[in-house]
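Observations on chain architecture
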Amino acid sequence: DRDQMVKNVLKGHGTPAFSVSDGMPWANKASAFKTDVNKAKKILADDGWKAGSDGTLKKDGLRAEFDLLYSSDDSTRQALAADFANQMKQIGIKVTPVGKSWDEIYELQYVDPVLWGWGSNSPSEVYNLLYSKGWGNFSLYSNDKIDEHLKKAISTNDREESNREFQAAQVGADGPGVDGAATWVWLANVNHLYFVRDGLQIAEQKPHPHGHGWSVVNNVDQWSWK
């Protein structure tokens, strides 16, 4: 329940996330879906997962449990990890948030789930996360059809065609997304908040990429005093 997460953790200063490109021209609106705990339980039950004595699901001797790594110096990620774990418990999956340094996390990024942070003004991020040889493809996801969409997206000179190919690569039963291979679980888009001196007009802001550069001053030539 992303809305609940935004309310509980971010105090409303964010929006639910369903892809790495929400709100951008290359986003696929079909990525969004409604929370349905009962449907999640049914999917697991139909696949043979049954609750053990402690409520955690089991199948063929395997317990539905895993560690979720987050940067130990980031209280927001810690809170998001805890909220996610509480929600997963409702459907019988035990998630244990574990705080570590980035040096430790990088050693485990292909082993355990990690609470990453993404966000860019470029569709190249879709490519990096979903392409079979993309540097951010930590789930080692490989799909020839999706690779083909991504190759076309970065090779065409037609912007609209490129956007359509990026959109096609993000959703579908034969690709990633809620109806296909859930290579990523997107949680929330965090609003960037700033203190601004009374009287200072910082002009209209474009979407700020996550943690890259000091985007708020990109249009400093348009700032003014009132």
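Because the structure is a prediction, the values reported are computed rather than measured. (Residues numbered from 1 in each chain as written. Predicted model: local features only at pLDDT ≥ 70, side-chain atom pairs only at ≥ 80, totals over all residues. Heavy atoms only, no water.)

**A word on the overall build of the protein**
Test applied: Only DSSP runs of H or I reaching four residues or more are called helices, and only runs of E reaching two or more are called strands; each is numbered from the N terminus. Here a residue-residue contact requires only that any non-hydrogen atoms of the pair lie within 4.5 Å. Reported accessibility uses the Shrake-Rupley method at a 1.4 Å probe radius. Residues are deemed covered only where the shown protein chains occlude them. Neither His nor the chain ends contribute to the count of charged residues, in which Lys and Arg are positive and Asp and Glu negative. Charged groups are reduced to one reference atom each: NZ for lysine, CZ for arginine, CG for aspartic acid, CD for glutamic acid.
Scanning the protein for helices and strands turns up 7 helices and 9 strands. For the C-alpha atoms alone, the extent of the protein along its principal axes is close to 65 × 45 × 35 Å. Once local pairs closer than 6 in sequence are excluded, the contacts in the protein between residues at least 24 apart make up 60%. If you sum the accessible surface of the protein, you get close to 14200 Å²; carbon and sulfur atoms cover 50% of it. When the 25 positive and 30 negative side-chain charges of the protein are each reduced to one mean point, those points stand 5 Å apart.

**So, helix H1 (residues 2-10)**
To keep things clear, this is the line we draw: The buried label goes to any residue with under 20% of its type's maximum accessible area, the exposed label to any with over 50%, and the partly exposed label to all in between, with areas taken from a 1.4 Å probe on protein chains only. Working note: the arc is built from the helix axis to C-beta atom directions. By the criterion applied in these results, polar contacts are pairs of N or O atoms within 3.5 Å in which, for protein atoms, one can donate a hydrogen and the other can accept it, and in which residues neighboring in sequence qualify only through two side-chain atoms.
Among all positions of H1, only Arg2, Met5, Val6, Val9 and Leu10 are buried. Angularly, the buried residues of H1 cover 100° about the axis, an arc narrow enough to put them on a single face. For H1, the exposed residues set more than 90 degrees away from the buried face come down to Asp3 and Lys7. Check the buried side of H1 and you find it contacts strand E1 (14-16), helix H3 (75-89) and strand E7 (188-190). For H1, the N-terminal cap is Asp1; the gap from its side-chain oxygen to the backbone nitrogen of Asp3 is 3.2 Å. Just downstream of H1 lies Lys11, where phi reads positive at about 55°.

**A short note on the packing of H1 against H3**
Put simply, the test is: Angular values range over 0 to 180 degrees, each being the angle between N-to-C directions of two axes fitted as lines to C-alpha atoms, with helices fitted over their stretch in contact. What sets the label is the angle itself: under 35 degrees gives roughly parallel, over 145 gives roughly antiparallel, 65 to 115 gives roughly perpendicular, and the rest give oblique. Should the near helix be turned anticlockwise from the far one by less than a right angle, the crossing is termed left-handed; should it be turned clockwise, right-handed. Amino acid classes used here: Ala, Val, Leu, Ile, Met, Phe, Trp, Tyr, Cys and Pro are nonpolar; Asp, Glu, Lys and Arg are charged; the rest, including Gly, are polar.
As a packed pair, H1 and H3 sit with axes 10 Å apart at the nearest point and diverge in direction by 135°. Here H1 is positioned oblique relative to H3, judged by the angle of their axes. Handedness of the H1/H3 crossing: right-handed. Only Thr76, Ala79, Leu80, Asp83, Phe84 and Gln87 of H3 make contact with H1, whose side of the interface consists of Gln4, Met5, Asn8, Val9 and Leu10. Residues of the contact of H1 with H3, tallied by class, amount to 6 nonpolar, 4 polar and 1 charged.

**Concerning a nonpolar patch on the surface**
Threshold: Residues with no salt bridge and a relative accessible area higher than 30% make up the patches, which join like charges within 9 Å and nonpolar side chains (Val, Leu, Ile, Met, Phe, Trp, Tyr) within 5 Å. Every case where a carboxyl oxygen of Asp or Glu lies within 4 Å of a side-chain nitrogen of Lys or Arg is listed as a salt bridge.
On the surface, a cluster of nonpolar side chains totalling about 450 Å² of accessible area is made up of Tyr194, Val196, Trp214, Val217 and Val220. Within the element layout of this structure, Tyr194 appears in the loop between E7 and strand E8 (200-201).

**So, the environment of Ser31**
Note on placement: Ser31 falls in the loop between E1 and helix H2 (37-46). In sequence terms Ser31 and Glu204 are 173 residues apart; their C-alpha atoms lie 28 Å from each other. Among residues more than four places away in sequence, those in contact with Ser31 are Phe18, Ser19, Gln170 and Val171.

**A look at the packing of aromatic side chains**
Note the cut-off: Between the rings of Phe, Tyr and Trp (Trp by its six-membered ring), a pair exists once the centres lie within 6.5 Å; its type follows the angle of the planes, with under 30 degrees stacked, over 60 edge-to-face, and the other angles tilted.
Scanning the entire structure with this criterion turns up 12 aromatic pairs. Note on Trp116 and Phe138: the rings are 4.6 Å apart at their centroids and 10° apart in plane angle, and the pair reads as stacked. Of this pair, Trp116 sits in the loop between helix H4 (102-108) and helix H5 (124-130) while Phe138 sits in the loop between H5 and helix H6 (144-155), placing them 22 residues apart in sequence. An identical accessibility class is assigned to Trp116 and Phe138; each is buried. A network of ring pairs unites the aromatic residues Trp102, Tyr106, Tyr110, Trp116, Trp118, Trp135, Phe138, Trp184 and Trp186 as a single cluster.

**Overview of the nonpolar core**
So the rule is basically this: To qualify as a nonpolar core, a set must consist of buried Ala, Val, Leu, Ile, Met, Phe, Trp, Tyr and Cys residues joined through side-chain atoms within 4.5 Å.
If you look at the biggest cluster of nonpolar residues, it comprises 23 residues, and the most contacted ones within it are Trp118, Val126, Leu150, Phe166, Trp184 and Trp186. Elements represented by at least two residues in this core include exactly H5, H6 and helix H7 (159-170). Broken down by element, this core gets its largest block of residues, 4 residues, from H5. Not counting chain neighbours up to four residues away, the residues in contact with Trp118 comprise Val20, Glu125, Leu129, Trp135, Phe138, Trp184, Trp186 and His210.

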